[in-house]
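Residue strings, one per chain:
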Amino acid sequence: MVSVTIPGRIPFPPSHPSFKFQPDNNCKTHQKFLSPTAKWRCSAGDQPQPQQQKPRRRSTSKKSQPQGEKGIDPVGFLTKLDISHKPFALFLRERHKLLKNLKDEIFKRFLNLKEIASGFEILGMHRNVQHRVDFMEWAPGARYCSLVGDFNGWSPTENCAREGHFGHDDYGYWFIILEDKLRDGEKPDDLYFQQYNYVDDFDKGDSGVSIEEILKKANDDYWEPGEDRYVKSRYEIAAKLYEQIFGPNGPQTEEELEEIPDAETRYRAWKEQHKDDPPSNLPRYDVIDDGKEYDIFNIVDDPVSREKFYAKKPPLEYWLETRKGRKAWLKKYTPGIPHGSKYRIYFNTPDGPLERVPAWATYVLPDADGKQAVAVHWEPPPECAYKWKHKHPEVPKSLRIYECHVGISALEPKVASFNDFMENVLPHVKEAGYNAIQLIGLIEHKDYFTVGYRVSNLYAVSSRYGTPDDFKRLVDEAHGLGLLVFLDIVHSYSAADEMVGLSLFDGSNDCYFHTGKRGHHKFWGTRMFKYGDIDVLHFLLSNLNWWVVEYHVDGFQFHSLPSMIYTHNGFASFTGDMEEYCNQYVDKDALAYLILANDILHALHPNIVTIAEDATLYPGLSEPTSQGGLGFDYYVNLSAPEMWSWLLENVPDHDWSMSKIVSTLVGNKHGTDKMLLYAENHNQSISGGRSFAEILLGGAVEHASDRSELLLRGCSLLKMIRLITFTIGGHAYLSFMGNEFGHPKRIEFPMASNNFSFSLANRRWDLLANGVHCELFSFDKDMMSMDEKERILSRSLPNIHHVNDAAMVISYLRGPFLFIFNFHPTTSYERYSVGVEEAGEYRVILDTDEKKYGGQARVNKDQFIQRTISKRIDGLRHCLEVSLPNRSAQVYRLTRILRM
């Protein structure tokens, strides 16, 4: 990333309570380099209090409306959901108090919440307009800091933080200046403010105008002839007047002072005193008091002076002429750290010297040819840097997310690149009918076999897939196809590798992570962030903002929230008791971080989408933060894929419980509209698991010469599982890359146990050419198309009115659509009755048993249109009698309403 200047601080809209500004007259602090203490504080407090109204119920007492926080109710969502649990309500109030105290601490060092989420603007490596590169890093435990790399022969002394160049501040932020080097025969600049702009805004080379010519022109056009200096202070004139009247040469007593004449009399006396002065080119400005009470004075001038005054030009344009373009920069300088240079940061610590990959590095080689990890300085010339072409697509009302991993996206057994993915997978996603992609394993990690979940460098895209500009191109192409781009973000833990990650970063054990047992994940060997530390918050919040600002991503799925919310990392039995969400094992600091993250992201980027992955379904995940929730837009129902896996692996078909399926898919009745459902994602086929297609189809596809029973069963269940999961839940659905066509094999990353084989670390796109996989893809594509045309997911939640465990039939209504599923393995129904609300004609718009989907076409085309019967079924006024083959599902649409 190339940064020329540090952008100014921009206040937030006043609609967001956390971003309002108020002067703090009691704040007397001095300026720090990185984290300036401000004379303004950002607070939700001191707002006009709402009029006290009589509470409608006891749980909405005055205590739930903290003083000075209009619209904030720490336990509001409990009232909304009619949850009465006093310990949890008390916990929410304590959490809210902690959040307020945390914000107070933040505002002692940062101007507003935008600033704490914008650390990437000054930390890391940035080009400065004063022909230099600035580097800043946080390492409070270090005693000495320098940059080492191939640009300085890996010298630990040549480029160090030193006195006179800010060194480091009281918070442990180190500052290093890398001066560009003068070429042979060139001389240093005459003026301090001489700038050599590296970006293309002013890339015109040297204008050829000398400094003397620029200053003379500015003097002639802007300053009045005869002026030889600036007025240094706005108090200078008043001070001289005071000195003239009361100074040592002025009156010494009140009698000598006499009465001060009026302004006009003094002016006339001054004119008389200076009548013999030589003529001046200065404009004539006479100040005369006309004696009117409402008009203090008039300024009398002449037409010539007036015209001359209006002809003045601001000095800015002349200052801009002193700025040189990149051509002039290249002629005079060579970069202090060239583009592509490899470097690390060197610390001297109480335990001795050490080298680390900078925490804010944006491009990292985690294992360069088996050697020590290095950061790469990414500063391509402006003509080579990627330029964005497309805007963010609008966020749709229903999300159809295609989850994918770039590395395994190729047909060949290799690590695929960003360019491979862009050319081969993005068009497929568009054709399949999805409207968003979610990328996993994209952020830099050392060990490929970890799927990218042991992140080592949070600000860098994985170098094994390509460069930062390659990823920008991928995102831009996705936006051009109308696809949103989400990242699976891992802020719940971090890699424990010291040579490439953040562990023991500055030689201490308490820089980014907790000390002792609390700082280590109980089972995964990863490090746990210290969310209550302001500087750690600065790092993590800035990281979220960085991916949106730098790479234009549209949202995040927050991975594995239980790891951060609970000190036991979520490895405990949960019964659903509210006590489990507010006991001593819950980390309030982690919850406060999630609230801040959602508040800041949605305030800075109103169209951002945030998704919570939490197997424990912490109460209030998708409720507004102003009502005590965590503020996510969606939450993942992880119980659904686990249920399907259990049924397929362990339960005979005829023993499946329809009630269990429905209750698991619908989940908690609260917030179902914000639930993201999927039948299987990457978890179902990674780490020794098997994909549903591998379980159901096995070797049937390769060895079956005809439509065997095993093949029919597998295809039927795959289609039915996807259809019911897609249509019964909220407004979001997800599917993993390859599942849409029944990928026959699991995923297995290269590791020691498989001799580092890539044979299962790819996707079999060739299977789409024909056969059962082509038929399964046709069904999935038509299912997506149905939502695109009929807007199924964006409608109100379904009315599940028919669940028959004996017949193994499920039916529900969603708007004018009727969904019917017969999971029975052997029994078909010729005239099965299900209730409907509206009388009329219903037409089949999707049938899982059609030939083109690999079915048997047991429902004739003349049966695709059904008319209701006036018979009360399932508590509804009318019913349909439909043909329902075993292991099949149908979607009916009301096409004509009959008035009775």
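Residues numbered from 1 in each chain as written. Predicted model: local features only at pLDDT ≥ 70, side-chain atom pairs only at ≥ 80, totals over all residues. Heavy atoms only, no water.

Caption draft 1: How the structure looks around the overall build of the protein chain. Scanning the protein chain from terminus to terminus reveals 21 helices and 35 strands. Within the protein chain, the proportion of its 900 residues that are buried is 54%. In the protein chain, the proportion of contacts linking residues at least 24 apart, taken out of those at least 6 apart, comes to 73%. Of the roughly 42100 Å² of accessible surface on the protein chain, 51% is carried by carbon and sulfur atoms. (Helix = DSSP H or I, 4+ residues; strand = E, 2+ residues; numbered from the N terminus. Buried < 20%, exposed > 50% of the residue type's maximum accessible area, 1.4 Å probe, protein only. Contact = heavy atoms within 4.5 Å. Areas by Shrake-Rupley, 256 points an atom, 1.4 Å probe, with all protein chains shown as cover.)

Caption draft 2: Region of the structure containing the packing of aromatic side chains. Evaluation of the coordinates by the stated rule reveals 47 aromatic pairs. Pairing Tyr386 with Trp388 gives two aromatic rings, centres 5.8 Å apart and planes at 90°, and the pair type is edge-to-face. The exposure class of Trp388 is partly exposed, given its relative accessible area of 26%. Ring centres of Phe523 and Phe571 lie 4.3 Å apart, and the angle between their planes is 45°; on these two criteria the pair is classed as tilted. With Phe523 in the loop between β22 (484-489) and α13 (534-551) and Phe571 in the loop between α14 (561-565) and α15 (588-604), the pair connects residues that are 48 residues apart, well separated along the chain. Exposure remark for Phe571: the relative accessible area of 41% places this residue in the partly exposed category. It is Arg109 that lies over the ring of Tyr171; its NZ or CZ is 3.7 Å from the centre. (Phe/Tyr/Trp six-rings, centres within 6.5 Å; stacked < 30°, edge-to-face > 60°. Lys NZ or Arg CZ within 6 Å of the ring centre and 35° of its normal.)

Caption draft 3: Seen up close, empty space enclosed by the protein. Applying the stated rule across the entire model yields 5 cavities of 30 Å³ or more. Estimates place the volume of the largest cavity at around 150 Å³. Gly124, Met125, Trp360, Ala361 and Thr362 are, among the 17 residues lining the largest cavity, the residues nearest its centre. Per-element tally for the lining of the largest cavity: the top contributor is strand β3 (residues 124-128), with 3 residues. When its residues are assigned to classes, the lining of the largest cavity shows 13 nonpolar, 4 polar and no charged. The calculated volume of the second largest cavity comes to roughly 40 Å³. In terms of lining residues, the second largest cavity is bounded by Leu718, Lys719, Arg722, Asn739, Glu740, Gly742, Leu776, Phe779 and Asp780. (1 Å grid on protein atoms, 1.4 Å probe; cavity = no way out; pocket = protein on both sides within 12 Å on 5 of 7 lines; lining within 4 Å. Points joined across faces, edges and corners; volume = space filled by probe spheres on them. Nonpolar A, V, L, I, M, F, W, Y, C, P; charged D, E, K, R; others polar.)

Caption draft 4: Structural detail: the sheet that holds β22. The 8 strands lie next to each other as β18-β19-β22-β23-β24-β25-β26-β27, forming a closed barrel whose pairing is parallel. With strand direction ignored, the average angle separating the axes of adjacent strands in the sheet is 30°. Two elements, strand β18 (residues 399-405) and strand β27 (residues 732-736), share 5 bridges in a ladder whose sense is parallel. In the sheet register, Glu403 faces β27, and the bridge partner there is Phe736. (Pairing = 2+ DSSP bridges. Axes fitted to C-alpha atoms, helices over the stretch in contact; angles between N-to-C directions.)

Caption draft 5: Inspection of the pairing of strand β29 (residues 809-814) at higher detail. Across the 6 residues that make up β29, a large majority, 6, are buried. Residues Val809, Ser811 and Leu813 point to one face of β29 and Ile810, Tyr812 and Arg814 to the other, with burial holding for every one of them. Connecting strand β28 (residues 799-804) to the next strand, β29, in antiparallel fashion are 4 residues, including Met808 with a positive phi near 60°. Pairing geometry for β29 and strand β30 (residues 817-822), over 6 bridges, is antiparallel. Bridging across to β30, Ser811 finds its partner in Ile820. Two successive antiparallel strands, β29 and β30, enclose a turn made up of 2 residues, where Gly815 displays a positive phi of approximately 65°.

Caption draft 6: Spotlight on the side chain of Asp506. Along the chain, Asp506 falls in the loop between β22 and α13. In this structure the side chain of Asp506 is engaged in a polar contact, spanning 2.5 Å, whose partner is the backbone nitrogen of Gly141. Side-chain polar atoms of Asp506 contact the side chain of Ser508, separated by 2.5 Å. Other than its neighbours up to four places away in sequence, Asp506 contacts Ala139, Pro140, Gly141, Ala142, Phe347, Thr349, Leu354 and Cys511. (Polar contact = N/O pair within 3.5 Å; in protein donor to acceptor, adjacent residues only side chain to side chain.)

Caption draft 7: Region of the structure containing the pattern of salt bridges. What the rule picks out here adds up to 35 salt bridges. A salt bridge links Arg464 to Glu444; the nearest nitrogen and oxygen atoms lie 3.6 Å apart. Of this pair, Arg464 sits in the loop between β21 (455-461) and α12 (468-480) while Glu444 is found in strand β20 (residues 443-445), placing the two residues 20 residues apart along the sequence. On the basis of relative accessible area, Arg464 is assigned to the partly exposed category, the value being 25%. (Salt bridge = Lys/Arg side-chain N within 4 Å of Asp/Glu carboxyl O.)

Caption draft 8: Region of interest: the sheet that holds β29. As summarised here, the arrangement of the 6 strands in space is β28-β29-β30-β35-β32-β33, forming an open sheet in which the pairing is antiparallel. The sheet is open, and its two edges are formed by β28 and β33 (865-867), each paired on a single side. The mean inter-strand angle of the sheet, taken between neighbouring strand axes irrespective of direction, is 20°. Both strand β32 (residues 840-847) and strand β35 (residues 888-897) contribute to a ladder of 7 bridges, which runs antiparallel. Across the sheet, the residue bridging to Leu846 is Val891, located in β35.

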